[in-house]
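Report on the structure
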Amino acid sequence: MAKGLLIVLSGPSGVGKGTVCNELRHRLPELVYSVSATTRQPRLGEEHGVNYFFKTREQFVEMIQNDQLLEYAEYVGNYYGTPRDFVEQTIESGKDIILEIEVQGALKVKEKFPEGIFVFLLPPSLDELKGRIQGRGTENQATIDHRMSVAADEIALLKHYDYAVVNDEIDLACKRIEAIITAEHCKVRK
Ligand SMILES: Nc1nc2c(ncn2[C@@H]2O[C@H](COP(=O)(O)OP(=O)(O)O)[C@@H](O)[C@H]2O)c(=O)[nH]1
Ligand SMILES: Nc1ncnc2c1ncn2[C@@H]1O[C@H](COP(=O)(O)OP(=O)(O)O)[C@@H](O)[C@H]1O
């Protein structure tokens, strides 16, 4: 049986990765979503095992030491990582999986899975990006400033990706990603 596709959706904080990924999960119910582990505090409405596996720093370090993470990154003061077994089992079972992760982690996945499909979500502009982070209202001003300074460095890494998708409208961004997935399934692998 053919293996599933590993799709990595990345891009700066606030660009709409979470929003687009949620919408894709509705539109493509057979697409499996990788739930990450994090040391960040849960936001209102977030559930353990659904949005993230919420861990203490000690628990997270133990996962790193036991080689349970496909990749991990420290991002604005917290650890985030992708549980390895779930990703590998999903691909082996022939299902497609999507990872919604920040840019450093995505590049580490590329080293291990160069056959993955790396999609970079871009904001229509940096001003729009700032507006979205502020509009979400989940971060204080210092964190917003920090995330904006990280964003400029992240956008410079676009060249390592296979596809660039502008998230001007959620519907259009999802359609572009659905088209990418369809094309990748039709690709002749050499
Ligand atoms: N490297 C890596 N990054 C992750 C993982 N899970 C989430 N992230 C990224 O960590 C960043 C911060 O996530 P979060 O605190 O939930 O904020 P938000 O995605 O900006 O709403 C985002 O860019 C996420 O895509 C992961 O498993 N590994
Ligand atoms: N295409 C879009 N147009 C306008 N607002 C958007 C769009 N995509 C996402 N947003 C909004 O931008 C904010 C950040 O989106 P989010 O998905 O949390 O980003 P990320 O996961 O990349 O940090 C949210 O308030 C979300 O509703």
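Residues numbered from 1 in each chain as written. Chains lettered and ligands numbered in written order. Predicted model: local features only at pLDDT ≥ 70, side-chain atom pairs only at ≥ 80, totals over all residues. Heavy atoms only, no water.

By the naming in an unreviewed UniProt entry, the protein chain goes by Guanylate kinase and is assigned to Paenibacillus woosongensis. In its Subcellular location (unreviewed entry) section, the UniProt record describing the protein chain reads: "Cytoplasm". (UniProt positions renumbered as here; feature names shortened; annotations may be inferred.)

This part takes up the site of ligand 1. Taken together, the neighbourhood of ligand 1 is formed by 18 residues, with Ser-36, Arg-40, Tyr-52, Tyr-80 and Glu-102 sitting nearest. The separation between an oxygen atom of ligand 1 and a polar side-chain atom of Thr-82 is 3.3 Å. Notes on ligand 1: free accessible area 570 Å², of which the protein chains cover 96%. Looking at the shell around ligand 1, the elements with two or more residues in it are β5 (69-75) and β6 (78-83). Residue composition of the shell around ligand 1, grouped by class: five nonpolar, five polar and eight charged. (Near = heavy atom within 4 Å. Polar contact = N/O pair within 3.5 Å; in protein donor to acceptor, adjacent residues only side chain to side chain. Areas by Shrake-Rupley, 256 points an atom, 1.4 Å probe, with all protein chains shown as cover. Helix = DSSP H or I, 4+ residues; strand = E, 2+ residues; numbered from the N terminus. Nonpolar A, V, L, I, M, F, W, Y, C, P; charged D, E, K, R; others polar.)

Moving on: helix α3 (residues 84-92). Residues of α3 that are buried include every one of Arg-84, Val-87, Thr-90 and Ile-91, and no others. One side of α3 carries all its buried residues, which in axial view fall inside an arc of 145 degrees. Exposed residues lying more than 90 degrees from the buried face of α3 are Asp-85 and Gln-89. In this structure, the buried residues of α3 make contact with β1 (6-10), β2 (32-33), β5, β6, β7 (97-100) and α4 (103-112). Directly after α3, the chain includes Gly-94, whose backbone phi takes a positive value near 90 degrees. (Buried < 20%, exposed > 50% of the residue type's maximum accessible area, 1.4 Å probe, protein only. Arc of directions from axis to C-beta. Contact = heavy atoms within 4.5 Å.)

Here we come to the site of ligand 2. Near ligand 2 there are 14 residues, and of these Gly-14, Lys-17, Gly-18, Thr-19 and Arg-136 occur at the shortest range. A distance of 3.3 Å separates a nitrogen atom of ligand 2 from a polar side-chain atom of Arg-132. If ligand 2 stood free it would expose 560 Å²; the protein chains cover 75% of that surface. Looking at the shell around ligand 2, the elements with two or more residues in it are α1 (17-27) and α5 (126-136). With three residues, α1 is the single largest residue contributor to the shell around ligand 2. Across the shell around ligand 2, the residue classes break down as three nonpolar, six polar and five charged.

The next subject is the packing of aromatic side chains. One pass over the structure, following the stated rule, counts seven aromatic pairs. An angle of 75 degrees between the planes, with centres 6.0 Å apart, marks the rings of Tyr-72 and Tyr-79 as edge-to-face. With relative accessibility at 31%, the residue Tyr-72 sits in the partly exposed group. Among the aromatic residues, those joined into a ring-pair cluster are Tyr-52, Phe-54, Tyr-75 and Tyr-80. Looking at Lys-108, its charged tip hangs above the ring of Tyr-72, at a distance of 5.0 Å from the centre. (Phe/Tyr/Trp six-rings, centres within 6.5 Å; stacked < 30°, edge-to-face > 60°. Lys NZ or Arg CZ within 6 Å of the ring centre and 35° of its normal.)

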